[in-house]
Amino acid sequence: AACLGVAAKDARKFKSDEAQPDMIEDGLEAVMVWSRHRLGVADNEFKKIGWTRQPSPASWNDEIVYYVMVDRFANGDLRNDMVNIPDFQTEQLKSKMPYTVGDWRHGGDLEGLRQRLGYLQDLGVTVIWVSPVLLQAGGGAYGYYMSDPSMIDPGFGSKELFRQLVHEAHERGMYVIM
């Protein structure tokens, strides 16, 4: 059986928790096989939950898009505030000299966004554009320091929480893009 275009023999090469192959060392084909396998694993997990996918609208022209920079939007889980923060932030916290506070992580997370779906719905939002929440190298706050495209950064939450957020947004008639 194929898994999103990956032959079964190729899919067996990778475990779901295996690190992403290196493009330079392993080549594009290895990265593509790994990526397709990861998508297949995610798709199977989604199907086990029993949720259905929400198709894209026929036209995006009438949609109201709201961009959310997750780290700055809402802090819904204080327990993950000190997870995967940049080294410079830790040093500045210890020295009590926050020279680059604008580059710090501020604690916003997927739980905070999930808790405020009603607020966004009340604004008339139909599409939530989520800043990247994938695993960040060195704890980057903006989401553009991605180091693993298959994992949610623990400072923002978990893949289960992201799925729950998307599911609840869909139940409210809203789309989620990232």
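Our structure's up above, just so we're on the same page.
Computed from a prediction, not measured in an experiment: that's the story for all the values here.

The rules behind the values
Residues numbered from 1 in each chain as written. Predicted model: local features only at pLDDT ≥ 70, side-chain atom pairs only at ≥ 80, totals over all residues. Heavy atoms only, no water. Helix = DSSP H or I, 4+ residues; strand = E, 2+ residues; numbered from the N terminus. Expected span 1.5 Å × (residues − 1). Buried < 20%, exposed > 50% of the residue type's maximum accessible area, 1.4 Å probe, protein only. Pairing = 2+ DSSP bridges. Axes fitted to C-alpha atoms, helices over the stretch in contact; angles between N-to-C directions. Salt bridge = Lys/Arg side-chain N within 4 Å of Asp/Glu carboxyl O.

**Student:** Would you explain helix 3 (residues 28-49) in this entry?
**Tutor:** Each α-helix winds once per 3.6 residues, and so residues spaced three or four apart point in a common direction. Over its 22 residues, helix 3 extends 32 Å from the first C-alpha to the last, a length consistent with the 32 Å expected when each residue adds 1.5 Å. For helix 3, the complete set of buried residues consists of Val31, Val33, Trp34, His37, Arg38, Gly40, Asp43 and Phe46. Positive backbone phi, at 95°, marks glycine 50, one or two positions downstream of helix 3.

**Student:** How should the sheet that holds strand 1 (residues 65-68) be read in this particular structure?
**Tutor:** Hydrogen bonds between backbone groups are what pair the strands of a sheet, and the pairing can be parallel or antiparallel. With parallel pairing, three strands are arranged side by side in an open sheet as 1-2-5. The sheet is open, and its two borders are formed by strand 1 and strand 5 (175-177), each paired with just one other strand. For this sheet, the mean inter-axis angle between neighbouring strands, taken without regard to orientation, is 25°. For strand 2 (residues 127-130) and strand 5, the ladder comprises three bridges, and the chain directions are parallel. Within strand 5, the position partnered with valine 127 by the bridge is tyrosine 175.

**Student:** Explain the pattern of salt bridges to me, please; I cannot follow it from the model alone.
**Tutor:** Once their charged atoms are close, side chains differing in charge can pair, the charge on each being opposite to the other. For the coordinates displayed, the defined rule picks out five salt bridges. For lysine 159, the salt bridge is made with glutamate 45, and the minimal N-O distance between the two is 3.2 Å. Of the two residues, lysine 159 is situated in helix 8 (residues 159-171) and glutamate 45 in helix 3; the sequence distance between them amounts to 114 residues. If you follow the salt bridges from partner to partner, you end up with Glu45, Lys159 and Arg163 in one network.

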